[in-house]
Amino acid sequence: MNVVVLYGGQSQEHQVSLISAAGVIRELEKMPDVSLSLAGITLEGRWFLQDKTEQLRCARETGALTIIPDPESALALHPGEGIVDTSGTVLPVDCVFPVLHGAYGEDGTIQGLLEMCHLPYVGSGVTGSALGMDKVRAKQIWEQNNLPVVPYITVTDAITVNQAPSGKNPGPDALSQITQTATERIIGTFGFPVFVKPNAAGSSVGITRVEDSAHLGAALKRAFRVDATVLIEQALTVREIETAVLGNSDPRTFPSGEVIPSHQFYDYEAKYTDPAGAALKIPADLDPALAREIEELSRQAFLAVGAAGLARVDCFLHRETRQIYLNEINTLPGFTPISMYPKMVQEGGVTYAELLRELLTLALERDRHRS
Ligand code: ADP
Ligand code: MG
Ligand code: MG
């Protein structure tokens, strides 16, 4: 089986991908029936075929892959044909493994490109990926399916786009107008404190916890820098429970894990830069009925957005009311051997190598059902 691993990518989570991919290729390389090729995608979005021996050495020494943008090894994608090298040769590909996170990786865009090239790939298709990346639309679909979500409102800077000369960020007048309207809506609904989040992002980029109306404007400004749609959620006192879902139309779940941030919330630093930023507890300490309920809810959330292959579904468990809420679904979750998703699957009795094997099988199975 010819497998092409895609890594890097045009997103804020480029670096995380370099680490995730190192874990993936080290394991795929050991499989006797897999012939592995590596395509590194630069931050600018250009694709280059990478030397496997060189990258394996890099993975061994640094724990991460790197991308060498040699023009001789540039790759192009041809709709209806596949991946083509500089000599015009079409690469033999049975399955693509996009080990990419965030924008242009797990938002449906690359999935669309691969569909156009008739290439089977690991993970969710265009719709599932796009919905997973769009927090508001995922919530809308869950609400329609009677699945619980945290109370929220959405705010857009649409009214300001014409006023702001730069186009993107609301000017000071527009921002104060948006902030005032948002404050009224917050007070009229769930009240402060709230979480302000850019709609389509990840890794906690652009997210602020806001205690009172005086700090709302700054938080909105910060979120609007990332996305023109921002959601404001009621801030709840919660435990954060994450569940690995694996499969296509009848997916299975694994015992959930818990993230215990040492910061005020699970922010970017707690995720990536502060080694003591968060503890992971797998499995989470939950009573069995509650554990079953969370796993079933995660399965339903996966099916509702049309995810496929794998996803990590993140829930909140309210500390006082014990109510469960869906927070978000990540269709290409962190995938280093010590990341939450592979660890939860391993705790559930499936090794990292078996997981990779199953993901490839699921990708081919999904492709057969489509064509
Ligand atoms: P991302 O996609 O960037 O991970 P999340 O929606 O998961 O965004 O938010 C990041 C973190 O912020 C969560 O892991 C949690 O710690 C905190 N958080 C987000 N929303 C809420 C909320 N409504 N109540 C309490 N904490 C929240
Ligand atoms: Mg996320
Ligand atoms: Mg999250």
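Look above for the structure.
This report concerns the structure included in the present document. Predicted model only: the values in this text are computed from it and were never measured.

### Structural notes on the overall build of the chain
Alright, step 1. Counting its secondary structure elements, the chain contains twelve helices and 16 strands.
Alright, step 2. In terms of overall size, the chain behaves like a compact globule, its C-alpha atoms giving a radius of gyration of 21 Å where 371 residues would be expected to give roughly 21 Å.
Alright, step 3. Reported as C-alpha extents along the three principal axes, the dimensions of the chain are approximately 60 × 55 × 40 Å.
Alright, step 4. Carbon together with sulfur atoms contributes 51% to the accessible area of the chain, which is approximately 16200 Å² in total.
Alright, step 5. The averaged location of the 45 negative side-chain charges in the chain is 2 Å from the averaged location of its 30 positive side-chain charges.

### Focus on unusual backbone geometry
Alright, step 1. Following Phe192, the chain continues into Pro193 via a peptide bond in cis, with omega recorded as -5°.
Alright, step 2. A cis amide bond, omega -5°, links Ile282 with the succeeding residue Pro283.
Alright, step 3. Mapped onto the elements, Pro283 comes out in the loop between strand 14 (278–281) and helix 10 (288–304).
Alright, step 4. Positive phi outside glycine occurs at Tyr104, with the angle close to 60°.
Alright, step 5. Tracing the sequence through the fold places Tyr104 in the loop between strand 6 (95–99) and helix 3 (109–116).

### Digging into empty space enclosed by the protein
Alright, step 1. Counted by the stated rule, this structure contains three cavities of 30 Å³ or more.
Alright, step 2. Computed from the structure, the largest cavity encloses a volume of approximately 50 Å³.
Alright, step 3. Lining the largest cavity we find Phe97, Pro98, Val99, Leu100, His101, Leu310, Leu332, Pro333 and Phe335.
Alright, step 4. If you tally residues by element for the lining of the largest cavity, the top one is strand 6, at three residues.
Alright, step 5. Grouping the amino acids of the lining of the largest cavity by side-chain chemistry returns eight nonpolar, one polar and no charged.

### Notes on the environment of Pro288
Alright, step 1. Looking at the element boundaries, Pro288 is found in helix 10.
Alright, step 2. A residue is classified by how much of its surface remains accessible, and Pro288, at 57% relative accessible area, is exposed.
Alright, step 3. Distance from Pro288 to Ile67, taken between C-alpha atoms, is 45 Å for residues 221 residues apart in sequence.

### As for the coordination of the magnesium ion (ligand 2)
Alright, step 1. Within the protein, the magnesium ion (ligand 2) binds to Glu328 (OE), Glu328 (OE) and Asn330 (OD1); these donor distances fall in the range 2.2 to 2.6 Å.
Alright, step 2. Taken as an interatomic distance, the gap from the magnesium ion (ligand 2) to the magnesium ion (ligand 3) is 3.7 Å; Glu328 donates to each of them.
Alright, step 3. On the basis of relative accessible area, Glu328 is assigned to the buried category, the value being 15%.

### Some points on the layout of surface pockets
Any empty space left between atoms is shown by rolling a water-sized probe over those atoms.
Alright, step 1. Considered as a void within the structure, the second largest pocket measures approximately 250 Å³ in volume.
Alright, step 2. In terms of lining residues, the second largest pocket is bounded by 14 residues, among which Gly102, Ala103, Met133, Ala200 and Ala201 are the most central.
Alright, step 3. In terms of residue class, the lining of the second largest pocket is built from eight nonpolar, four polar and two charged.

### Here's the deal with helix 10
Alright, step 1. Relative to the 24 Å expected for 17 residues at 1.5 Å per residue, helix 10 spans 24 Å between its end C-alpha atoms, a close match to the ideal helical length.
Alright, step 2. Of the surrounding secondary structure, the elements contacted by the buried residues of helix 10 are helix 5 (135–144), strand 11 (238–247), strand 12 (252–253), strand 15 (309–318) and strand 16 (324–330).
Alright, step 3. Phi turns positive one or two residues past the end of helix 10, at Gly306, with a value near 75°.

### Digging into the pairing of strand 13 (residues 257–261)
Alright, step 1. With three bridges connecting them, strand 11 and strand 13 associate as antiparallel partners. Bridge pairing links Glu240 to Val259 in strand 13.
Alright, step 2. Relative to strand 14, strand 13 runs antiparallel, the two being bridged by four bridges. Each residue of the ladder has a partner; that of Val259, found in strand 14, is Leu280.

### Some remarks on the sheet that holds strand 9 (residues 208–210)
Alright, step 1. Read from one edge of the open sheet, four strands run 7-10-8-9, paired in antiparallel fashion. Whereas interior strands pair on both sides, the edge strands pair on one side only; in this sheet they are strand 7 (152–156) and strand 9. The mean inter-strand angle of the sheet, taken between neighbouring strand axes irrespective of direction, is 25°.
Alright, step 2. Lying over the sheet, helix 5 contacts strand 7, strand 8 (194–198) and strand 10 (229–234), oriented at roughly 145° with respect to strand 7.

### Some points on the packing of helix 1 (residues 14–28) against helix 12 (residues 352–370)
Alright, step 1. With their axes 10 Å apart at the nearest point, helix 1 and helix 12 run at an angle of 90° to one another. By the criterion of interaxial angle, the relationship of helix 1 to helix 12 is roughly perpendicular. Between helix 1 and helix 12, the contacting residues are Ser20, Gly23, Val24, Glu27 and Leu28 on the first element and Tyr352, Ala353, Leu356 and Leu360 on the second.
Alright, step 2. Class assignment for the residues of the contact of helix 1 with helix 12 results in six nonpolar, two polar and one charged.

### Observations regarding the site of ligand 1
Alright, step 1. Residues in close proximity to ligand 1 total 20 residues, the closest being Lys135, Lys197, Ser204, Glu240 and Lys271.
Alright, step 2. Here Glu233 contributes a side-chain N or O atom positioned 2.8 Å from a nitrogen atom of ligand 1.
Alright, step 3. Protein burial of ligand 1: of its 540 Å² of free accessible surface, 96% is covered by the chains.
Alright, step 4. Elements that contribute at least two residues to the shell around ligand 1 include exactly strand 8, strand 10 and strand 16.

Rules of the game
Residues numbered from 1 in each chain as written. Chains lettered and ligands numbered in written order. Predicted model: local features only at pLDDT ≥ 70, side-chain atom pairs only at ≥ 80, totals over all residues. Heavy atoms only, no water. Helix = DSSP H or I, 4+ residues; strand = E, 2+ residues; numbered from the N terminus. Rg over C-alpha atoms; globule rule 2.2 N^0.38 Å. Areas by Shrake-Rupley, 256 points an atom, 1.4 Å probe, with all protein chains shown as cover. Lys, Arg positive; Asp, Glu negative; His and termini not counted. Charge placed at Lys NZ, Arg CZ, Asp CG, Glu CD. 1 Å grid on protein atoms, 1.4 Å probe; cavity = no way out; pocket = protein on both sides within 12 Å on 5 of 7 lines; lining within 4 Å. Points joined across faces, edges and corners; volume = space filled by probe spheres on them. Nonpolar A, V, L, I, M, F, W, Y, C, P; charged D, E, K, R; others polar. Buried < 20%, exposed > 50% of the residue type's maximum accessible area, 1.4 Å probe, protein only. Donors = N, O, S within 2.8 Å, 3.2 Å for Na, K, Ca; no water. Expected span 1.5 Å × (residues − 1). Contact = heavy atoms within 4.5 Å. Pairing = 2+ DSSP bridges. Axes fitted to C-alpha atoms, helices over the stretch in contact; angles between N-to-C directions. Parallel < 35°, antiparallel > 145°, perpendicular 65-115°, else oblique. Near = heavy atom within 4 Å. Polar contact = N/O pair within 3.5 Å; in protein donor to acceptor, adjacent residues only side chain to side chain.

All we've got here are geometric facts, nothing functional implied.
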